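Observations on the model geometry
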Number of protein chains: 4
Amino acid sequence: MMDDEGFGMLGRMMVALEMIEGCREFGPLIPEVRTNLVYARSHAKIRDDVLAIDGRITVVEGRPRAAGRVRFGASSHMARLVIELRKVDPSLRAGIDFTNTPHLTTWLADHCRTKGWIFSVIDRRGEPEEIREAEAASMPWKVAEAVRAAGGKAPKIFYETGAVGKEPVSVLVGRDPIEVADQACEIARKYHGPG
Amino acid sequence: MMDDEGFGMLGRMMVALEMIEGCREFGPLIPEVRTNLVYARSHAKIRDDVLAIDGRITVVEGRPRAAGRVRFGASSHMARLVIELRKVDPSLRAGIDFTNTPHLTTWLADHCRTKGWIFSVIDRRGEPEEIREAEAASMPWKVAEAVRAAGGKAPKIFYETGAVGKEPVSVLVGRDPIEVADQACEIARKYHGPG
Amino acid sequence: MMDDEGFGMLGRMMVALEMIEGCREFGPLIPEVRTNLVYARSHAKIRDDVLAIDGRITVVEGRPRAAGRVRFGASSHMARLVIELRKVDPSLRAGIDFTNTPHLTTWLADHCRTKGWIFSVIDRRGEPEEIREAEAASMPWKVAEAVRAAGGKAPKIFYETGAVGKEPVSVLVGRDPIEVADQACEIARKYHGPG
Amino acid sequence: MMDDEGFGMLGRMMVALEMIEGCREFGPLIPEVRTNLVYARSHAKIRDDVLAIDGRITVVEGRPRAAGRVRFGASSHMARLVIELRKVDPSLRAGIDFTNTPHLTTWLADHCRTKGWIFSVIDRRGEPEEIREAEAASMPWKVAEAVRAAGGKAPKIFYETGAVGKEPVSVLVGRDPIEVADQACEIARKYHGPG
């Protein structure tokens, strides 16, 4: 079942997860729905091709902490997101989600400009009604919308405008979970909330 | 700091938590924002008077699992809810939150009728705009609304209609976390989703 | 199954365990066979009347950490020790074990003098051969030996001289796990190894 | 710090650890001093070149469970053992230790015959006094003794006769932690104690 690609991926995820867990400043960026960190195989087609953290990452004793183990198939939402985005840019294999507020959005837009990263938004007000109800069906629309709003390219960071009953989140994607964890921790250390 | 009431409460919470963790059927009722179980001191006034689970309860390996330890002050939202509700009925000292869907709402209404329990709803469409923005300020309004909709009495189970950016949850309250865990597990075992 | 005594005991054990886990200096005093902390019911007769830590306490990331949950029946050896010792002094309901070396023994003898505590030793060279083989049978002999060597009184701290295949440990007993944890942490903070 | 060899090793250790944790029958083979599973880099020279489980593996709720994370440098004793044994056979990079009793020793000798494995013993009665006291210094002697008793070859399984204050353990070595976990679990499933 496991092959050399899988072993290496598992090792990289462990190191990336320790980076997140060691970054106390990331705690305030973890949303109520928790954070997941995912890593797709180079030819990922389905959820079981994507490593993720079982139970996601929560704040415990003021620090980010994984609820369970790193394993293939542990994510549904973020796994679909990365699989869909790779149809536009196959180099993207990893992603992490975190909180979203108007204040952070403004800050992230600036941060992306500084970094030369593409920033985008999924405005869910444009989402067709029949898609919105079906969680799985909505992912292709959402990713297409993020790419469309970014002028046809896969964005580095994007967020969703809130929908009824859904906490809005930001997403950062990259080639590798260590890169993604490093970039997410840099954001967490540099960003200071509205207060 | 700790007194005999606190030690006994801690012991009861540990037993209640093990009941939840041992109830695999409760897993599907844990919302994206996770479940918390809270227990207020008999004269609770502030958040630090309320025991809760640090990091809340998440699903790991298909089962409910506490992210961290049981400790005073670990909950903000559910702690405020119980403190507010106790102004109406001081016997209520414990509560648990879980998922909410139209299908479950209908089922819960029936379940409450069978049990002779008061069921209520917080319709957030009636929430004043200036309150909605301030998380802390909205709790008195929400509890007042749940009580009003229940004809002036503290309800046993109630739920919120979804607001933008907020996952709707159901809440069950009682005198003791063991009672509350027992009643929540009974619901989890009896309820079968819409499928 | 659980009663008010049990709930209160569970709460006290949780607080005592957090004291141990919060005492980094206790780490070097945890033996290879790990540390257990036990707390017996006021009328404890059997192992299931004694709270202990499932999997005991180990050093993880340089700090003491409980392997599993606090539960009745989780200890065999330390539970029997406290049950046996209570036949001599029923006020003794809690105990903790930790490492034993010649250097620590000398230090503990001094510490006990300062505190006015009875210090004792179980010299296993005097243990009858037929008892030594049977773990359960050897406890009455060991406790009797510790009491005999202490002049007929229950000691506060005692240790075993090493036997073949057995790591020697020190034991500290008291009325309550919080008292015992407090006294063990004080030893850990004051004692500096031979180096 | 981490390289591709390290990531792949970490992944293999995670899978091997899950095999051990999933093997309930291995629980009774975990000694009081706990079990460690180690994996050395292909050119391991020092302890930090060897992956191991921080806090080792303990029995919790009747099952083997890692106390902490898999990390380089987490083992002292088993790491030295594998580094020393690799001087005789560099293909050996992984090892696990487990309980040792006369009954199991007899069974293991048979099991090794069936498998065509070399079985050996470290008779610590022959250990020079000046070495015995120094934990680090005794490893070259112990491994040399195990190899000598095996007729000059690196054994597959070996055990130590008990010394005063030391719980005797058995050790199984191999090329990879997955191989080693698989072989240890097979032993655990086939062996039935003396009872």
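Residues numbered from 1 in each chain as written. Chains lettered and ligands numbered in written order. Predicted model: local features only at pLDDT ≥ 70, side-chain atom pairs only at ≥ 80, totals over all residues. Heavy atoms only, no water.

All names here are of chain D. Spatially, β5-β2-β1-β6-β9-β8-β7 is the arrangement adopted by the seven strands of the open sheet, whose pairing is mixed. Looking at which strands have only one partner, the edges of the open sheet turn out to be β5 (70–72) and β7 (119–122). Strand after strand, the sheet turns through a mean of 20° between neighbouring axes, direction not considered. Both strand β1 (residues 37–40) and strand β6 (residues 94–99) contribute to a ladder of three bridges, which runs antiparallel. Bridging across to β6, Tyr39 finds its partner in Ala94. Strand contacts of helix α3 (residues 102–115): β6, β7, β8 (157–160) and β9 (169–174), with the helix running at about 145° to β7, the strand carrying the most contacts. Contacts between helix α6 (residues 177–190) and the sheet are confined to β1, β6, β8 and β9, with β9 contributing the most and set at about 135° to the helix. (Pairing = 2+ DSSP bridges. Helix = DSSP H or I, 4+ residues; strand = E, 2+ residues; numbered from the N terminus. Axes fitted to C-alpha atoms, helices over the stretch in contact; angles between N-to-C directions. Contact = heavy atoms within 4.5 Å.)

With an axial shift of 0.0 Å and an RMSD of 0.0 Å, the rotation relating chain A to chain B amounts to 180°. Those values place the two copies in the arrangement expected of a two-fold rotation axis. The share of interface residues of chain A whose copies in chain B are also at the interface is 100%, consistent with both copies meeting through the same surface. (Least-squares fit on C-alpha atoms with pLDDT ≥ 70 in both.)

It is worth spelling out α6 of chain D at this point. Residues and elements named next belong to chain D. For α6, built from 14 residues, the straight-helix expectation of 20 Å at 1.5 Å per residue is met to within 8% by its first-to-last C-alpha distance of 20 Å. For α6, the tally of buried residues reaches 11 of 14 residues, placing the bulk of the element in the interior. Of the residues making up α6, those classed as buried are Pro177, Ile178, Glu179, Val180, Ala181, Gln183, Ala184, Cys185, Glu186, Ile187 and Ala188. Where α6 starts, the residue carrying a side-chain oxygen 2.6 Å from the main-chain nitrogen of Ile178 turns out to be Asp176. (Expected span 1.5 Å × (residues − 1). Buried < 20%, exposed > 50% of the residue type's maximum accessible area, 1.4 Å probe, protein only. Polar contact = N/O pair within 3.5 Å; in protein donor to acceptor, adjacent residues only side chain to side chain.)

The next subject is the sheet that holds strand β6 (residues 94–99) of chain A. Residue and element names in this part refer to chain A. Strand order across the open sheet formed by seven strands is β5-β2-β1-β6-β9-β8-β7, with mixed pairing between neighbours. Bordering the open sheet on either side are β5 (70–72) and β7 (119–122), each of which pairs with just one other strand. Going from strand to strand, the sheet's axes swing by 20° on average, the running direction of each strand aside. The sheet contact formed by strand β1 (residues 37–40) and strand β2 (residues 50–53) spans two bridges and is antiparallel. Its bridge partner lying in β2, Ala40 is registered against Val50. Strands β6, β7, β8 (157–160) and β9 (169–174) of the sheet are contacted by helix α3 (residues 102–115), whose axis makes an angle of about 145° with β7.

Take the packing of helix α1 (residues 4–21) of chain A against helix α6 (residues 177–190) of chain A next. Residues and elements named next belong to chain A. Two elements in contact, α1 and α6, have axes separated by 8 Å at closest approach and are oriented at 10°. When the axis of α1 is compared with that of α6, the two are roughly parallel. For the pair α1 and α6, the contacting residues are Arg12, Met13, Val15, Ala16, Met19 and Ile20 in the first and Pro177, Ile178, Ala181, Asp182, Ala184 and Cys185 in the second. A class-by-class count of the residues in the contact of α1 with α6 yields 10 nonpolar, no polar and two charged. (Parallel < 35°, antiparallel > 145°, perpendicular 65-115°, else oblique. Nonpolar A, V, L, I, M, F, W, Y, C, P; charged D, E, K, R; others polar.)

Residue-level contacts link 21 residues of chain A with 21 residues of chain B. Counting each side, the surface lost to burial between chain A and chain B is near 1,500 Å², with a carbon and sulfur contribution of 51%. For chain A, the biggest contributors to the area lost against chain B are Glu32, Arg34 and Gly165 of chain A; these three give 29% of the whole. Our count for the chain A to chain B interface comes out at four salt bridges. A salt bridge links Arg56 of chain A to Glu32 of chain B; the nearest nitrogen and oxygen atoms lie 2.7 Å apart. The interface formed by chain A and chain B holds 10 residue pairs in polar contact (both at pLDDT 80 or more) in total. Sorting elements by how many residues they give to the side of chain A that touches chain B places strand β3 (residues 57–60) of chain A first, with three residues. (Buried area = accessible area lost by both parts, 1.4 Å probe. Salt bridge = Lys/Arg side-chain N within 4 Å of Asp/Glu carboxyl O.)

Before going further, it helps to spend a moment on the pairing of strand β2 (residues 50–53) of chain D. Residues and elements named next belong to chain D. Burial of β2 is two-sided: the residues Val50 and Ala52 facing one way and the residues Leu51 and Ile53 facing the other way are all buried. When β2 meets β5, the two strands line up antiparallel, connected through three bridges. Directly across from Ile53, in β5, lies its bridge partner Val70.

On to the pattern of salt bridges, then. Opposite charge on two side chains permits pairing when their charged atoms draw close. Across all of its chains, the model carries 87 salt bridges over all chains by this definition. Across the salt bridge formed by Lys87 of chain D and Glu84 of chain D, the nearest N and O atoms sit 3.3 Å from each other. Between Arg125 of chain D and Asp123 of chain D there is a salt bridge whose closest N-O contact spans 2.7 Å. Residue Asp123 of chain D is classed as partly exposed on the basis of its relative accessible area of 22%. Several salt bridges converge on common partners, so that one network encompasses Asp3, Glu5, Arg41 and Arg93 of chain A.

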